[in-house]
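What follows is each chain in one-letter form.
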Amino acid sequence: MLKVTKVIYSGLRHSFRTNKITISQYKFRPIQHIPKFYFQSCPTNHNNQDPQKIYQEGINKFDQGKYDESISLLQEFINSQNNTDPAKIEVVEANERIGSALYHQKKFKDSFGYFKYALETREKFFPDNKNEIIRDLNILAMLCDHSQQHQEAIEYNEKLLSIAKETLGENDPFIVNVCLNLGGLFEKTKNYSSAVDYYSYSLNLAKQRFGDHHPSLAVIYQNLGNAYMKMSEYILAVEEYLKCVEIITINYGENHASIPGLYLSISDVYRFQKKYQYALEFGLNALESIVKQYEPDHPSVLPYYLQIAVVYLEMRDFNKAIDFCEKFLTIQKSSGIENSKSALALSYIGTALDGLGNYNEGLKSHEKALNLALNASSCKKDDNSLSKIYFNLGQNYLLQKDLPKALENIEQSLKILKKIHGEDSENLLDCLCSLCQIYSEMGKFEEAIKNGNKAVRITKKNKKSKWNLAKALEYLGFAYYKQGDIETALDNLSESEAIRSDFFQSDHIEFLGLYNKILKIYEENKDQQKIAEYTKKLNSIKT
């Protein structure tokens, strides 16, 4: 998905205020006591020098970017103050400078300790220094986020929001940033409803301050789109992405660099909804837009070719899927690129060949993909791609009725997905359904029904993507059919058909596998009326 320039922890450099600040530009006031145990002592090289001169020299070295020297001098100054005034402002300021120097050296964990001490001292001895407290809270939140300590970052930001509202006012532009940051943190912790709440608050405040078409709104609309996408609120996601496109177009024109990625995000939403014509339309629009900025064979175009290939693959237009995968691989080869996406493209070609009935060539492509993903030094570990490659290989073996190898590869795919997403994620659905089918074909009905029921249980949790429940019911119904329980099989298959009918016309490609399963049952039971009905439905599907 597109990464529109994001305002996350921009308190170090925030764009909604006129007094843009960077961490190296803080105006430090002249400032106190730090317990001896808190920091390690530094060698003293200035025994006879006035501590204030050491302090000032440390400040000067910081301003010159000589961070190691600055840290040494300022730590020496701090140590010299341990037995003096317990609330000396220079000591607090020295800690903040050391924290800033360590930040510049990317020593974030060490930086955190200095800023935390500075904040606690300010809150205790200088509670009226609200602006400085706001600044230190903002930095600490940023450092926690950088260290993947998202819950701690949320706590600092919530405290920051409260103090900022009291100090700056409810409608200060800085509040926009803090709420945007909180939305991002809740999104990272998968609390998407809270993310939407903070993004929406940020959006409303930004509109009040800057108007409905200010460029700063674009990132908020995109973040809302991303959050809604993860909540399976696909209609709302598209609305927010389109608003983002509108803002960017008004301010920067329709050829802005962000537009292609936004179109690609919209294409992705429609693909999840199985609305393939819209997915294809926006995917091709994204490609057309990106080639206005780059040559058609530029590496920046690669994600667009691959996503369009996936759309064609799901539409069962296998030849076009192969064409776009081959374009993708050709550009990668000419650019000297070989990575996990190269392996994924080869796997997609294998799946397309499987769809054309060319299983042997498909198998070669799948095996080549897996070998590349596992062994090529240029392929960084990408578990999501590797899981997909194992899955596609397993599907090839399933089509060839090599059930043991199909089972081996699907289980390997499932193992990787559980590691990434956990035991109860909808991301496991395809693997669970395939295992249900494989075990049914092997006559292991207990295992088949177990996997089918787990797929149904997982998908029932998410009421926003009922077509996944429809898929789970389809495969569970198939397992009961193979077991010989025709009544339960038809109950599940009929429920699957009813759910799909809420979303799709009866001639949608989503019904293809389902109609085939139902037709097979009625053919075995010689129900001529139902055979005619489902033969007609099957023939009406537009592939």
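Every value quoted in this text rests on a predicted model; they were computed, and no experiment measured them.

> Outline the overall build of the chain, listing residues and values.
When its secondary structure is counted, the chain shows 24 helices and zero strands. Counting only residues that meet the buried cut, the chain has 53% of its 543 residues in that class. Accessible surface for the chain amounts to roughly 25600 Å². Of this, 47% is attributable to carbon and sulfur atoms.

> So, the packing of aromatic side chains: which residues are in play, and what are the values?
Describing an aromatic ring pair means giving the distance of the ring centres and the angle of the ring planes. Under the defined criterion, the tally for this structure stands at 16 aromatic pairs. Arranged with centres 5.6 Å apart and planes meeting at 5°, the rings of phenylalanine 186 and tyrosine 198 form a pair that is stacked. A residue pair is termed long-range when its members are at least 10 positions apart, and phenylalanine 186 in helix α7 (residues 173-188) and tyrosine 198 in helix α8 (residues 192-210) qualify at twelve residues. Put simply, the rings of Tyr263, Tyr270, Tyr278 and Phe282 touch in pairs and so form one group of aromatic residues. Geometry around phenylalanine 272 places arginine 271 over its ring, the cationic atom sitting 5.2 Å from the centre. A cation over a ring is seen here: lysine 517 above tyrosine 475, with NZ or CZ 4.7 Å from the ring centre.

> Break down the environment of leucine 287 for me, with residues and values.
Note that leucine 287 resides in helix α12 (residues 276-290). In this structure the C-alpha to C-alpha distance between leucine 287 and tyrosine 263, which are 24 residues apart in sequence, comes to 8.8 Å. Apart from the residues lying within four places of it in its own chain, the contact partners of leucine 287 are Val301, Tyr304, Tyr305, Ile308 and Phe324.

> Outline the packing of helix α9 (residues 217-230) against helix α10 (residues 234-252), supporting the account with residue identities and numerical values.
Look at α9 against α10: their axes get within 8 Å of each other, and the N-to-C directions meet at 165°. In terms of orientation, α9 and α10 fall into the roughly antiparallel class. Classified by chirality, the crossing of α10 by α9 is left-handed. Contacts between α9 and α10 involve Leu217, Ala218, Tyr221, Gln222, Leu224, Gly225, Asn226, Tyr228 and Met229 from the first element and Tyr234, Leu236, Ala237, Glu240, Tyr241, Lys243, Cys244, Ile247 and Ile248 from the second.

> Residues and numbers for helix α20 (residues 445-461), please.
For α20, with 17 residues, the first-to-last C-alpha span of 25 Å sits near the 24 Å given by 1.5 Å per residue. Residues of α20 that are buried include every one of Ala448, Ile449, Asn451, Gly452, Lys454, Ala455, Val456, Ile458 and Thr459, and no others.

> Before we move on, could you go through the packing of helix α1 (residues 51-63) against helix α3 (residues 89-104) and cite the residues and values that matter?
Where α1 meets α3, the closest approach of the two axes is 11 Å, and the angle between their N-to-C directions is 30°. Viewed along their axes, α1 and α3 adopt a mutual orientation that is roughly parallel. Between α1 and α3 lies a crossing of left-handed hand. Here Gln52, Tyr55, Ile59, Phe62 and Asp63 of α1 come into contact with α3, specifically with Glu90, Glu93, Ala94, Arg97, Ser100 and Ala101. For the contact of α1 with α3, a count of residues per class yields five nonpolar, two polar and four charged.

> Outline the side chain of aspartate 354, supporting the account with residue identities and numerical values.
Turning to its location among the elements, aspartate 354 is positioned in helix α15 (residues 340-355). Among buried charged residues, aspartate 354 stands out as having no salt bridge; its nearest opposite-charge side chain is arginine 316, 11 Å away. Of the polar contacts made by the side chain of aspartate 354, one reaches the side chain of asparagine 396; its length is 2.7 Å. Setting aside its immediate chain neighbours within four residues, aspartate 354 contacts Tyr359, Gly362, Leu363, His366, Asn392, Asn396 and Leu399.

> Which residues make up helix α23 (residues 512-524), and what are the values?
Relative to the 18 Å expected for 13 residues at 1.5 Å per residue, α23 spans 19 Å between its end C-alpha atoms, a close match to the ideal helical length. Listed as buried for α23 are Leu512, Leu514, Tyr515, Lys517, Ile518, Leu519, Ile521 and Tyr522. Among the structural elements, α21 (466-483), α22 (486-501) and α24 (528-540) are those in contact with the buried residues of α23. A positive backbone phi angle near 55° is found at lysine 526, which sits one or two residues after α23.

> Describe the pattern of salt bridges, with residues and values.
Oppositely charged side chains can pair when the atoms bearing their charge come close. In this structure the tally under the stated criterion is 27 salt bridges. Linking lysine 165 and glutamate 170 is a salt bridge whose minimum nitrogen-to-oxygen distance equals 3.9 Å. Notably, a salt bridge pairs glutamate 510 with arginine 500, separated by 3.9 Å at the nearest N-O pair. With a gap of ten residues between them, glutamate 510 in the loop between α22 and α23 and arginine 500 in helix α22 connect regions that are remote in the sequence. Both residues of the pair, glutamate 510 and arginine 500, belong to the buried class.

> Help me get a handle on the confidence of the model for the chain, residues and values and all.
Chain-level pLDDT for the chain is 87 on average; 88% of the residues reach the 70-or-more range. Considering only residues more than four positions removed or in separate chains, one finds that residues 1-44, a stretch of pLDDT under 50, has 140 contacts.

> Could you give an account of unusual backbone geometry, with specific residues and numbers?
Most peptide bonds adopt trans geometry, and most residues besides glycine take a negative phi value. In the Ramachandran plot, lysine 106 falls in the positive-phi region, its phi being about 65° despite a non-glycine side chain. Considering the arrangement of structural elements, one finds lysine 106 in the loop between α3 and α4 (108-125). Backbone geometry places arginine 316, a non-glycine residue, at a positive phi of 65°. Within the secondary structure layout, arginine 316 lies in the loop between α13 (302-314) and α14 (318-334).

> Got a sec to walk through a negative patch on the surface? Specific residues and values, please.
Together, Glu408, Glu411, Glu446 and Glu447 line one region of the surface with negative charge. Secondary structure elements with two or more residues in the negative patch: α18 (403-421) and α20. Mapped onto the secondary structure, glutamate 411 falls in helix α18. Residue glutamate 411 is classed as partly exposed on the basis of its relative accessible area of 36%.

Calculation notes
- Residues numbered from 1 in each chain as written.
- Predicted model: local features only at pLDDT ≥ 70, side-chain atom pairs only at ≥ 80, totals over all residues.
- Heavy atoms only, no water.
- Helix = DSSP H or I, 4+ residues; strand = E, 2+ residues; numbered from the N terminus.
- Buried < 20%, exposed > 50% of the residue type's maximum accessible area, 1.4 Å probe, protein only.
- Areas by Shrake-Rupley, 256 points an atom, 1.4 Å probe, with all protein chains shown as cover.
- Phe/Tyr/Trp six-rings, centres within 6.5 Å; stacked < 30°, edge-to-face > 60°.
- Lys NZ or Arg CZ within 6 Å of the ring centre and 35° of its normal.
- Contact = heavy atoms within 4.5 Å.
- Axes fitted to C-alpha atoms, helices over the stretch in contact; angles between N-to-C directions.
- Parallel < 35°, antiparallel > 145°, perpendicular 65-115°, else oblique.
- Left-handed = near helix turned anticlockwise from the far one by under 90°.
- Expected span 1.5 Å × (residues − 1).
- Nonpolar A, V, L, I, M, F, W, Y, C, P; charged D, E, K, R; others polar.
- Lys, Arg positive; Asp, Glu negative; His and termini not counted.
- Salt bridge = Lys/Arg side-chain N within 4 Å of Asp/Glu carboxyl O.
- Polar contact = N/O pair within 3.5 Å; in protein donor to acceptor, adjacent residues only side chain to side chain.
- pLDDT = per-residue confidence, 0-100.
- Patch = residues over 30% accessible without salt bridge, like charges linked within 9 Å, V, L, I, M, F, W, Y side chains within 5 Å.
- Charge placed at Lys NZ, Arg CZ, Asp CG, Glu CD.

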